[in-house]
Amino acid sequence: MSTPLCSPQHVLVLNCGSSSLKFAILDAATSDEVISGLAERLGSDTPSIKYKYNGEKQLIELAKGQAHDAAIAELVKLVNELGLADNLIAVGHRVVHGGEHFTESVLIDDDVLAAIEKTAALAPLHNPANLLGIRTAQQAFSALPQIAVFDTAFHQSMPNIAYLYALPYSLYKEHGVRRYGFHGTSHYYVAGEAAKLLGKEREQTNVISAHLGNGCSVCAIKDGKSVDTSMGLTPLEGLVMGTRSGSIDPGLFTFLTQQLNYSVQEIDDLLNKQSGLLGISELSNDCRTIEEAAVEGHPQANLALDIFCYRLAKQIAAFLVPVQRLDALIFTGGIGENSDIIRDKVITQLGFLGLECDEAANLAARFGKEGLISKGQTHAKAFVIPTNEEWVIANDAARIAKEG
């Protein structure tokens, strides 16, 4: 990860999912967004591209069944029509899992592609889609350097006492079974912004960052480096999430297979797609829907929020061990940036740290607004800091393109 460049550099950022493609063109030096959009429902009967340019939202409907190659072809056409192609210096790709191969962002070549493909076994839902986006973009933007930025790279500074499981050591040495962590670009970005708000250098700052969205993770950041995080080998470990269970008793697998005749795939679907806020509330994985139902007195909606906040507060408290001294608690991600209800519940449970929620400031810090939401003269402070993962990707891509 790097500091901003001085001169403007436009980078196309691609985040390729199994049926979607998120894109943006940013000035890597200023983080100014030129265009952004989302191609969704790719491969279905109704694929489309939604984008925002010059403050106006537009929609492009794709033909039935068209997938990533068609979406990127349409994106290339759009970039050319808007006169944006001449200013592009690189394409930056978000890659979910870099395993132990990658501790920083890299220029993509055949060896890098092979390593990402090898790591796909650790992220079977994510890395194959990321590879598809890379290969399609290489054909569409053949003249531009392509850079991979890894979700896991920031966490490669974790010590072995944090990343190893208490399993036979051979599973780690021979198969890479360990905790890797995710949301690295987000945790890296907000930690840097927190240091600025505190008037400190990144390397002098100890923070705990809570990235809360449909996927959720907490990161302990000591002296500017990740020293522990809640996600593990996969993004399933840790906190309660939108549809993911978070950490559970591994003995549940035996119970489900032997007592209820679940298959491995059914267990995977249960833990990844049917659990979390959705599973407890039996309403939705959308926090806004659950909060509205909770206000109206829905008991399971209230229970879902309470469990979500309890597990989050407990994880934050546990990370006081690796950071030792806490300068700031950070809320980010879609839920972290917008849910004043969840932030208040969590801070209240952390009152033993001397943290107290400022009700007015907490309510005001929503919809992209940054702010201090705690009050009092305690050493630790609580902030809402909107994340900007695209800027981290764009900045690293611009730096590597310039170097290479």
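The present account deals with the structure reproduced in this document. Only a predicted model underlies this, so the values are computations on that prediction, with no experimental measurement involved. (Residues numbered from 1 in each chain as written. Predicted model: local features only at pLDDT ≥ 70, side-chain atom pairs only at ≥ 80, totals over all residues. Heavy atoms only, no water.)

Points about the pairing of strand β10 (residues 216-222)
For a regular strand, the rule is simple: side chains alternate between the two faces of the sheet.
Argument step 1. Taking burial as the measure, the 7 residues of β10 include 6 buried ones, the bulk of the element.
Argument step 2. Judged from the 6 bridges that link them, strand β9 (residues 207-212) and β10 form a sheet pairing that is antiparallel. Counted as the bridge partner of alanine 210 is valine 218 from β10.
Argument step 3. The antiparallel hairpin formed by β9 and β10 contains 3 residues in its connecting segment.
Argument step 4. Relative to strand β11 (residues 225-229), β10 is paired through 4 bridges, and the arrangement is antiparallel. Directly across from alanine 220, in β11, lies its bridge partner aspartate 228.
Argument step 5. Between β10 and β11, which pair antiparallel in sequence order, lie 2 residues; one of them, aspartate 223, sits at a positive phi of approximately 55°. (Buried < 20%, exposed > 50% of the residue type's maximum accessible area, 1.4 Å probe, protein only. Helix = DSSP H or I, 4+ residues; strand = E, 2+ residues; numbered from the N terminus. Pairing = 2+ DSSP bridges.)

What to know about the packing of helix α2 (residues 110-119) against helix α3 (residues 127-140)
Argument step 1. Viewed as axis vectors pointing N to C, α2 and α3 meet at an angle of 155°, and their least axial separation amounts to 9 Å. Classified by the angle between their axes, α2 and α3 sit roughly antiparallel to one another. Our pair here, α2 against α3, has a crossing hand that is left-handed. Contacts between α2 and α3 involve Leu113, Ile116, Glu117 and Thr119 on the former and, on the latter, Asn127, Leu131, Ile134, Arg135 and Gln138.
Argument step 2. Partitioned by chemical class, the residues of the contact of α2 with α3 number 4 nonpolar, 3 polar and 2 charged. (Axes fitted to C-alpha atoms, helices over the stretch in contact; angles between N-to-C directions. Parallel < 35°, antiparallel > 145°, perpendicular 65-115°, else oblique. Left-handed = near helix turned anticlockwise from the far one by under 90°. Contact = heavy atoms within 4.5 Å. Nonpolar A, V, L, I, M, F, W, Y, C, P; charged D, E, K, R; others polar.)

A word on the nonpolar core
Argument step 1. Among the nonpolar cores identified, the biggest contains 43 residues, and Leu212, Phe308, Leu312 and Val346 are the most heavily contacted of them.
Argument step 2. Of all the secondary-structure elements, those providing two or more residues to this core are β9, β10, α10 (287-295), α11 (299-318), β12 (328-332), α14 (340-349) and β14 (381-384).
Argument step 3. At 8 residues, α11 tops the list of elements feeding residues into this core.
Argument step 4. Among all residues touching leucine 312, those that are not within four sequence positions of it are Ala210, Leu212, Val218, Leu239 and Val346.
Argument step 5. Within the second largest apolar cluster, 29 residues are counted, among which are Ile147, Tyr188, Tyr189 and Ile221. (Core = buried A, V, L, I, M, F, W, Y, C linked by side-chain atoms within 4.5 Å.)

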